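Here are the chains, one letter per residue:
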Amino acid sequence: MKTSLIFLTGLMGAGKTTLGQLLARELGADFCDMDAEIVLREGREIPELFARGEEVFRDAETRACRALCRRKNLVVACGGGAILREENVQMMRGAGAIVFLDRPVENILGDVDPSNRPLLAQGRERLLAIRDARDSLYRASADCIVKNDSSQQEGLNRLLQAVQSIWEAEK
């Protein structure tokens, strides 16, 4: 793998974990979900960290990002808000490639269980507000954008093409 770290960004429910696991398998890389890394490092579940304040969670997210950026041969499914801190974006950019998985809100709402997603517990309007607030950040931080609006296989195919394009640009 030329770029040894691939960071997948996007809204919660965009397919970062599902497609990230498939991509890692295709590339012979390891996979890590940033939220799982946060839980492991902090010893607390995500809703518990959010209950202490979003800033507490974001600090934990930055610590996890820093640790993941030191690894190699890894596909990372970032938390939906990882791009909210420029520090995180700069770390990811310096360590690998950032791919924004762009998935329509309607698709996300049809698939995601909000009980595990504190920011989605408030429903559709909250997701739309999050999308509106973050979309330009996702686009500005990404090395490439992959539309994830059809089947899982099509999403994986598009993601593989994007990674190949990144590698071609590195030559």
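Quick notes on the rules
Residues numbered from 1 in each chain as written. Predicted model: local features only at pLDDT ≥ 70, side-chain atom pairs only at ≥ 80, totals over all residues. Heavy atoms only, no water. Helix = DSSP H or I, 4+ residues; strand = E, 2+ residues; numbered from the N terminus. Buried < 20%, exposed > 50% of the residue type's maximum accessible area, 1.4 Å probe, protein only. UniProt positions renumbered as here; feature names shortened; annotations may be inferred. Polar contact = N/O pair within 3.5 Å; in protein donor to acceptor, adjacent residues only side chain to side chain. Axes fitted to C-alpha atoms, helices over the stretch in contact; angles between N-to-C directions. Parallel < 35°, antiparallel > 145°, perpendicular 65-115°, else oblique. Contact = heavy atoms within 4.5 Å. Nonpolar A, V, L, I, M, F, W, Y, C, P; charged D, E, K, R; others polar. Pairing = 2+ DSSP bridges. Core = buried A, V, L, I, M, F, W, Y, C linked by side-chain atoms within 4.5 Å. Left-handed = near helix turned anticlockwise from the far one by under 90°. Expected span 1.5 Å × (residues − 1).

Okay, the environment of A24 next. Looking at the element boundaries, A24 is found in helix 1 (residues 16-27). On the basis of relative accessible area, A24 is assigned to the buried category, the value being 3%. Expressed as a C-alpha distance, the spacing of A24 and V75, which sit 51 residues apart in the sequence, is 5.8 Å.

Per the UniProt record, "binding site: substrate" (unreviewed entry) is found at D35, R58, G80 and R134. According to the relative accessible area criterion, R58 is buried, its value standing at 6%. Here R134 shows up in helix 7 (residues 124-141). From its side chain, R134 meets the backbone oxygen of G80 in a polar contact 3.3 Å long.

As a packed pair, helix 4 (residues 54-68) and helix 5 (residues 86-95) sit with axes 10 Å apart at the nearest point and diverge in direction by 10°. The angle between the axes of helix 4 and helix 5 places the two elements in the roughly parallel class. Contacts between helix 4 and helix 5 involve E61, T62, C65 and R66 on the former and, on the latter, E87, N88, M91 and M92. Split into classes, the residues belonging to the contact of helix 4 with helix 5 amount to three nonpolar, two polar and three charged.

As annotated in UniProt, the feature "binding site: ATP" (unreviewed entry) corresponds to G13, A14, G15, K16, T17, T18 and R117 in the numbering used here. As for its position among the elements, A14 is in the loop between strand 1 (5-9) and helix 1. Relative to the elements of secondary structure, G15 occurs in the loop between strand 1 and helix 1. Among the residues examined, G15 registers a relative accessible area of 16% and is labelled buried.

A separate point is the sheet that holds strand 3 (residues 74-77). Read from one edge to the other, the open sheet built from five strands follows the order 2-3-1-4-5, with strand pairing classed as parallel. Because the sheet does not close on itself, it has two edges, and the strands there are strand 2 (30-33) and strand 5 (144-147). Direction aside, neighbouring strands of the sheet carry axes that sit 25° apart on average. Examined bridge by bridge, strand 1 and strand 3 share four bridges and lie parallel to one another. The residue bridging F7 from the neighbouring strand is V76, located in strand 3.

So, about the nonpolar core. One finds F7, M34, I38, V76 and M92 to be the most contacted residues of the largest nonpolar core, which totals 34 residues. Per element, the largest residue contribution to this core is five residues, and it comes from helix 4. Dropping the residues within four chain positions of it, M92 is found in contact with F7, C65, C69, C78, I83 and I98. By size, the runner-up hydrophobic cluster in this structure holds 21 residues, among which are L8, V75, L159 and A162.

One way to put it is that helix 1 packs onto helix 8 (residues 152-170) with a least axis distance of 10 Å and a crossing angle of 55°. Our classification of the angle between helix 1 and helix 8 gives oblique. Considering the relative orientation of helix 1 and helix 8, their crossing is right-handed. From helix 1, T18, L19, L22, L23, E26 and L27 reach across to helix 8, where they touch Q152, G155, L156, L159, L160, V163 and W167. Considered class by class, the residues forming the contact of helix 1 with helix 8 number nine nonpolar, three polar and one charged.

End to end, helix 4 covers 21 Å across 15 residues, agreeing with the expected 21 Å (1.5 Å per residue, within 8%). When helix 4 is considered as a whole, its buried residues turn out to be F57, R58, A60, E61, T62, A64, C65, A67 and L68.

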